[in-house]
Amino acid sequence: MIARTLCVFASLAVSLAAPVASAQDEENVLDNVVVRNRLYEPGGQLEVSLGVGLPLQSRLTAHYVFNVGVAYNLFDTFAVEARAGYAASRHTGLARSISESFLNREDKRVTDELADLWEMNLHGVAGVRWAPVYGKLSLLSDLPAHFQAYVWAGGGLGSFQRNSVIQCTQVVNRELGICDNRTSVDDRGSATQDYWVRETRVAPVVSAAVGFRFFILDKHGLRLELRDWVFQDKYRVNLVRDAWEAGEATGEPARSPGLTHLVQFDLGYTFSF
C-alpha cells in the first residue's frame, strides 16, 4: 500500500515538474537567443569617427562644429575617446541688429557688454563613453538595426573669440549704425574690415552628450547625438562710450558672468578596426 502511494506521488511530482522544466528550457533558449542576436561586440576595438554638429539654439551666435575622433573600446559598454575639431561661428541676425541700432542711442552712453558672445573655434576634448543599452530595431521584416544608447562626458581646451556688438572704435555712420569700411551703405557684405572691439582667449571647455550608435555591417556605424559644449563666459560692465570710442580702456569685469552653453545636434560616422 505504501509502495503504491509513493508511486502515485512520484508520478504527480514528475507530471508537475515537467512544465517547470519545459519553462526553464524555454527561458534558457530565450537567453541564448538574446546573446546570439547580439551581433556586434565593440570591446577591444579601435575606432575613428567624423562628425558635424548643427546648432539647436542660436541667440547671438551660431556654431557649426566639425570634429574628428579616436576611441578605444575597453569593453563592449565602455570606451575612452579624444575629439578635436573646429567650429565655424558667426553672429546671428539678432546680434547684427543690436549692433546697428546701438550706436546712435543716447540712453546707452554707459552700458554693459552682452553675455554669451564668445565664439568657439579650435577645440580638443577627451572623455569617456558608457553604453549600457544594446538594442535592435526592426526597420523591415528582414532588416534589423542594432544599436547602442550611450552617455558621454569629458573636457579639454578651446580657443575663443569675441566680437563686441556695442564697442565700435571707429564710427563710420552713427545714424545708420555703420562700423566698417563697406563701399555701399546698404550692403553689409561689401565691407572687408570692421572696427568692433575683438578679444581672443584660450579657456577650459566641458562637453557632455547622449546619443545612439547604429551598427552597419561589421566595421561601420552611424552616430546620432545631442551634445552640449560648456565654458565660462567673460565680459565687462559699466563701459563709457566716449572712452572706448577714444581708444581708452573702460569698464570692469562682470563678477558673475555665468556659463555659456552651445547645444548641438551631431551627426557622425564611425569606422572600427
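As a reminder, the structure under discussion sits directly above these lines.
Values in this document were obtained by computation on a predicted structure and should not be read as measured data. (Residues numbered from 1 in each chain as written. Predicted model: local features only at pLDDT ≥ 70, side-chain atom pairs only at ≥ 80, totals over all residues. Heavy atoms only, no water.)

Details of a nonpolar patch on the surface
A cluster of nonpolar residues, L56, W130, V151, V210, I216, L217, L222, L226, F265 and L267, forms a patch on the protein surface that exposes about 890 Å² of accessible area. When contributions to the nonpolar patch are tallied by element, the ones reaching two or more residues are β7 (196-216), β8 (220-232) and β12 (259-272). Looking at where L56 falls in the secondary structure, it is placed in the loop between β1 (46-55) and β2 (61-73). For L56, a relative accessible area of 54% puts it in the exposed group. (Patch = residues over 30% accessible without salt bridge, like charges linked within 9 Å, V, L, I, M, F, W, Y side chains within 5 Å. Areas by Shrake-Rupley, 256 points an atom, 1.4 Å probe, with all protein chains shown as cover. Salt bridge = Lys/Arg side-chain N within 4 Å of Asp/Glu carboxyl O. Helix = DSSP H or I, 4+ residues; strand = E, 2+ residues; numbered from the N terminus. Buried < 20%, exposed > 50% of the residue type's maximum accessible area, 1.4 Å probe, protein only.)

Observations concerning the packing of aromatic side chains
Under the definition given, this model contains 7 aromatic pairs. With 5.2 Å between their ring centres and 90° between their planes, F271 and F273 make a pair best called edge-to-face. The partly exposed category is assigned to F271, whose relative accessible area is 25%. Its relative accessible area of 52% is what places F273 among the exposed residues. Above the face of the W152 ring, R83 is positioned so that its terminal group lies 5.6 Å from the ring centre. (Phe/Tyr/Trp six-rings, centres within 6.5 Å; stacked < 30°, edge-to-face > 60°. Lys NZ or Arg CZ within 6 Å of the ring centre and 35° of its normal.)

Quick notes on the environment of G177
Relative to the helices and strands, G177 resides in the loop between β6 (143-168) and β7. What makes G177 buried here is its relative accessible area of 3%. Setting aside residues up to four positions removed in sequence, G177 forms contacts with S99, E100 and L103. (Contact = heavy atoms within 4.5 Å.)

With respect to the layout of surface pockets
Taken as a whole, the largest pocket spans an internal volume of roughly 400 Å³. Along the walls of the largest pocket sit 23 residues, with H91, R96, R188, D194 and W196 positioned nearest its centre. Of all the elements in the fold, those that place two or more residues in the lining of the largest pocket are β3 (78-91), α2 (93-102), β6 and β7. Among the elements that line the lining of the largest pocket, the one with the most residues is β6, at 4 residues. Among the residues forming the lining of the largest pocket, the class breakdown is 5 nonpolar, 9 polar and 9 charged. Put simply, the second largest pocket is a space of about 190 Å³. Around the second largest pocket sit 14 residues that line it, and Q57, R59, T61, H261 and L262 are the ones nearest its centre. Elements represented by at least two residues in the lining of the second largest pocket include exactly β2 and β12. (1 Å grid on protein atoms, 1.4 Å probe; cavity = no way out; pocket = protein on both sides within 12 Å on 5 of 7 lines; lining within 4 Å. Points joined across faces, edges and corners; volume = space filled by probe spheres on them. Nonpolar A, V, L, I, M, F, W, Y, C, P; charged D, E, K, R; others polar.)

So, the pattern of salt bridges
Counted by the stated rule, this structure contains 18 salt bridges. Taking the shortest distance from any N to any O, the salt bridge between E225 and R83 comes out at 3.1 Å. With E225 in strand β8 and R83 in strand β3, this residue pair connects regions lying 142 residues apart in the sequence. The salt bridge partner of D194 is R198, with a shortest N-O separation of 3.6 Å.

Topic: empty space enclosed by the protein
Using the criterion set out here, one finds 1 cavity of 30 Å³ or more in the structure. Roughly 30 Å³ of volume is contained in the largest cavity. In terms of lining, the largest cavity is formed by P42, N73, D76, T77, F78, A79, R129, A131, Q148 and R213. Those elements that provide at least two residues to the lining of the largest cavity are β3 and β5 (118-140). Here the lining of the largest cavity is composed, by residue class, of 4 nonpolar, 3 polar and 3 charged.

With respect to the state of the cysteines
All told, the structure shown has 1 disulfide when counted by the stated rule. The disulfide partner of C168 is C179, and the S-S distance across this bridge is 2.0 Å. As the torsion about the S-S bond is roughly 100°, the C168-C179 disulfide counts as right-handed. Taken together, the residues span a long stretch of sequence, with C168 in strand β6 and C179 in the loop between β6 and β7 at a distance of 11 residues. (Disulfide = S-S within 2.5 Å.)

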